[in-house]
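# Descriptive analysis of the structure
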There are 2 protein chains.
Amino acid sequence: MTSPDFLLLRAARREPTERTPVWLMRQAGRYLPEYREMRRRFGFLELCRNSEAAAEVTVQPVERLGVDAAILFADILLVVEPLGVGLEFALGEGPVIRRPLRSDGEIARLKPFDVESAVGFVFDTVRKARRALGDRVPLIGFAGAPFTVASYLVEGGPSRDYLYVKRLMYGEPEAWHRLMEVLVDVTARYLGGQIAAGAHAVQLFDSWVGALGPDDYRAFVLPYTRALVRALPPGVPVIHFGTGTAGLLPLMREAGGDVIGLDWRVDLDAGWRAVGHDVAVQGNLDPAALLAPPALIRERVKGILDRAAGRPGHIFNLGHGVLPDTPVEHVKAMVDFVHELSDRR
Amino acid sequence: MTSPDFLLLRAARREPTERTPVWLMRQAGRYLPEYREMRRRFGFLELCRNSEAAAEVTVQPVERLGVDAAILFADILLVVEPLGVGLEFALGEGPVIRRPLRSDGEIARLKPFDVESAVGFVFDTVRKARRALGDRVPLIGFAGAPFTVASYLVEGGPSRDYLYVKRLMYGEPEAWHRLMEVLVDVTARYLGGQIAAGAHAVQLFDSWVGALGPDDYRAFVLPYTRALVRALPPGVPVIHFGTGTAGLLPLMREAGGDVIGLDWRVDLDAGWRAVGHDVAVQGNLDPAALLAPPALIRERVKGILDRAAGRPGHIFNLGHGVLPDTPVEHVKAMVDFVHELSDRR
């Protein structure tokens, strides 16, 4: 049975669409009452590992918001738990790596592992979410890009300056390259498994790569992201996203992806010019704009759609994940504004 | 008596120079042994207020490093202390505002104050540093740009998402505009005082403005930075600097400044194209690159000079302040590399 010709997939291929598809990063998150309800029953990791519950959380925002895609509920660090770095999810703090990798010796000791047995539960979530979604909207799988996953492993968490990462890159480049090779391999198998289980598209989150300048990106990131994108099965759109990347966009495009995700710190038309009009783009409303009154949200949505200028290949999204304090009515209003203002029928 | 025709000032006017001038943001800082020695004798605020000691700290890096400019030793928040927001410098944490401004009511109560009596000690530092420097190198004065100072006043310190700031902008725009007007007025008088005391050039630090998207910059920042730049006496070059601004550069240039400061997240040639070749640029080595072995530092310095392509109007600097852990020999090596590799005689 073939899938219907979903709006999101057509936009990712830069085919004309009757309106602009929209979904939101972290659309299954704390701002949503039904998600908070689930989190009263399950810890974060527990929820990720319970494929029944994770599939339910994946589908909830589609029902509540009318978005044009579901995104798998999971976390970018699940796949590296078998590396034995002490992954924990501290309350309200996001992931913490208790035993960060700071030296060549620690990195050399990393062992290959079987992705299927480590995160088979994620593939189960994909299968269950696909069944629950039916033919309504496509399901997006995802993984952290090698740099961003490496940055957690080396820093131990999010960082301001990424100095451990940069020290490792500059001082022990062989160790850095070894770590990135491990992550390309693991991530290719992880995304391959999600696609085999039924993901229609995948997003690579290189969320923190904007800490780097272009020279570092070229030397320490680009070859690995490119190798990863090339290792994925053809025909499944890849969305390549980062934040703070306005100066890196041409290089991110060079690294790969059918769709480049833009954050809010660049005008959509300028970002699209920077990556080239022969790829699609996704974005790029400031998540904080959803705290504003609906009239301002509408104005900002219109501004972004105007900058896309009706060109095929725009997927509407925020420039990063939905903030926990966001009123759910504002999120719903934003989705409706995109549908209303982009209607080309 | 007129000043000599300093290298830095000629570059700021985009006149050809025999080599590229170089200085470093936070060149008087914790990485420098003689600065740490001073800090054993004085607390941070105490040091700022002691114009004799502050002038000494201002001059030290010129002697140690051979840089082509001194920058006033002070802090961007000194000038707003009279607003009564509870400014403190927590140990190793930077500035903290104990009573942040979060509402229209708090902002409406702000009172104008006499800048000379509040920060006259800064003007004394300028005069003493000028005397100590003689005709060796020019002295750069500085202030926080209105947005960045407002961001401290509203958030209470540096922030990840600047949500209090954005809530205020979106939810109580009149209060935001009122606050920015106060800051333009205070900052114009503050920089005017530094210039009257002898500063040869001034830098506006809009360090955190990169948190905003272009639409917010246009609506909530640009008019104020522009008003400030226009309020300064003509003939004194203004360096306009921010970080994370790759997507904002054309707007920053529109706001004003003879020199636009670039951070390391954009290639220097791309950044210069974005602001236009009819202004000068400053930057843009990643401060973390100074943690790398000298061979890599040399390569990166050369890369930046090559991107400037011998075009008049480049001032070499880091993309942000020197990091505290930086080896002082690496800083000295960097300055020497710039001098050696940019020699056009």
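Residues numbered from 1 in each chain as written. Chains lettered and ligands numbered in written order. Predicted model: local features only at pLDDT ≥ 70, side-chain atom pairs only at ≥ 80, totals over all residues.

### Observations concerning the relation of the copies chain A and chain B
Once chain A is rotated about the relating axis by 180 degrees and shifted along it by 0.0 Å, it coincides with chain B to within an RMSD of 0.0 Å. A rotation of that kind, with that shift, is consistent with a two-fold axis. Of the C-alpha atoms belonging to chain A, the one lying closest to the rotation axis is found on A:Ala246, 2.7 Å away. A high fraction, 100%, of the interface residues of chain A reappear at the interface in chain B, so the copies pair face to face through one surface. (Least-squares fit on C-alpha atoms with pLDDT ≥ 70 in both. Contact = placed C-beta atoms within 7 Å.)

### Considerations on the packing of helix H6 (residues 115–133) of chain B against helix H9 (residues 173–197) of chain B
Residue and element names in this part refer to chain B. Contact geometry of H6 with H9 gives a least axis separation of 9 Å together with a crossing angle of 35 degrees. Two packed elements cross with a definite hand, and for H6 against H9 that hand is right-handed. Facing H6, whose interface residues are Val115, Glu116, Val119, Val122, Phe123, Val126 and Arg127, H9 presents Val186, Arg189, Tyr190, Gly193, Gln194 and Ala197. Residues of the contact of H6 with H9, tallied by class, amount to eight nonpolar, two polar and three charged. (Axes fitted to C-alpha atoms, helices over the stretch in contact; angles between N-to-C directions. Helix = DSSP H or I, 4+ residues; strand = E, 2+ residues; numbered from the N terminus. Left-handed = near helix turned anticlockwise from the far one by under 90°. Nonpolar A, V, L, I, M, F, W, Y, C, P; charged D, E, K, R; others polar.)

### Remarks on helix H8 (residues 163–171) of chain B
All of the buried residues in H8(B) are B:Val165, B:Lys166, B:Leu168, B:Met169 and B:Tyr170. Where H8(B) is buried, its residues meet helix H14 (294–308) of chain A together with helix H7 (146–155), H9 and helix H10 (214–220) of chain B. (Buried ≥ 20, exposed ≤ 12 C-beta atoms within 10 Å, placed from the backbone.)

### Here we look at the packing of helix H14 (residues 294–308) of chain B against helix H15 (residues 328–341) of chain B
Residue and element names in this part refer to chain B. The interhelical angle for the contact between H14 and H15, taken along N-to-C directions, is 40 degrees, at an axis separation of 10 Å. The angle between H14 and H15 places the two elements in the oblique class. Both H14 and H15 take part in a crossing whose hand is right-handed. Seen from H14, the contacting residues are Pro294, Ile297, Arg298, Val301, Lys302 and Leu305; seen from H15, they are His330, Ala333, Met334, Phe337, Val338 and Leu341. (Parallel < 35°, antiparallel > 145°, perpendicular 65-115°, else oblique.)

### Details of the interface of chain A and chain B
Counting from both sides, the interface comprises 25 residues of chain A and, opposite them, 25 residues of chain B. Sorting the residues of the side of chain A that touches chain B by element identifies helix H8 (163–171), helix H10 (214–220) and H14 of chain A as the ones contributing at least two each. The dominant element in the side of chain A that touches chain B, judged by the number of residues it contributes, is H8(A), at five residues. Within the side of chain A that touches chain B, the residues separate by chemical class into 11 nonpolar, six polar and eight charged.

### A closer look at the confidence of the model for chain A
Taken residue by residue, chain A gives an average pLDDT of 96. The fraction at 70 or more is 99%. Both scores are given for the predicted complex: the pTM is 0.97, the ipTM 0.95. (pLDDT = per-residue confidence, 0-100.)

### Here's the deal with the nonpolar core
Counting residues in hydrophobic clusters, the biggest one holds 252 residues, and the most contacted among them are A:Ala70, A:Leu72, A:Ile140, B:Ala70, B:Leu72 and B:Ile140. When residues no more than four places from it in sequence are discounted, the contact partners of B:Ala70 are B:Thr58, B:Val59, B:Val62, B:Ala129, B:Leu133, B:Val137, B:Leu139 and B:Ile140. (Core = buried A, V, L, I, M, F, W, Y, C linked by C-beta atoms within 7 Å.)

### Considerations on the sheet that holds strand E8 (residues 280–285) of chain B
Sheet strands pair via backbone hydrogen bonds, and the direction of the pair is either parallel or antiparallel. All names here are of chain B. The seven strands are arranged E1-E4-E5-E6-E7-E8-E9 in an open sheet whose pairing can be described as parallel. The strands lining the two open edges of the sheet, one partner per strand, are strand E1 (70–71) and strand E9 (314–318). Relative to strand E7 (residues 259–261), strand E6 (residues 238–242) runs parallel, the two being bridged by three bridges. Directly across from Phe241, in E7, lies its bridge partner Gly261. Across the face of the sheet, H6 comes into contact with E1 and strand E4 (139–144) while running at roughly 155 degrees to E4. Relative to the sheet, H14 contacts E8 and E9, its axis offset from that of E8 by approximately 160 degrees. (Pairing = 2+ DSSP bridges.)

### Comments concerning the pairing of strand E6 (residues 238–242) of chain A
Residues and elements named next belong to chain A. In terms of burial, E6 is largely enclosed, as four of its five residues are buried. Of the strand pairs in this sheet, strand E5 (residues 201–206) and E6 are connected by five bridges, and their pairing is parallel. Counted as the bridge partner of Val202 is Val238 from E6. Assessed by its sense of winding, the connection that carries the chain from E6 through helix H12 (residues 249–255) to strand E7 (residues 259–261) is right-handed. (Right-handed = clockwise from strand over helix to strand, strands pointing away.)

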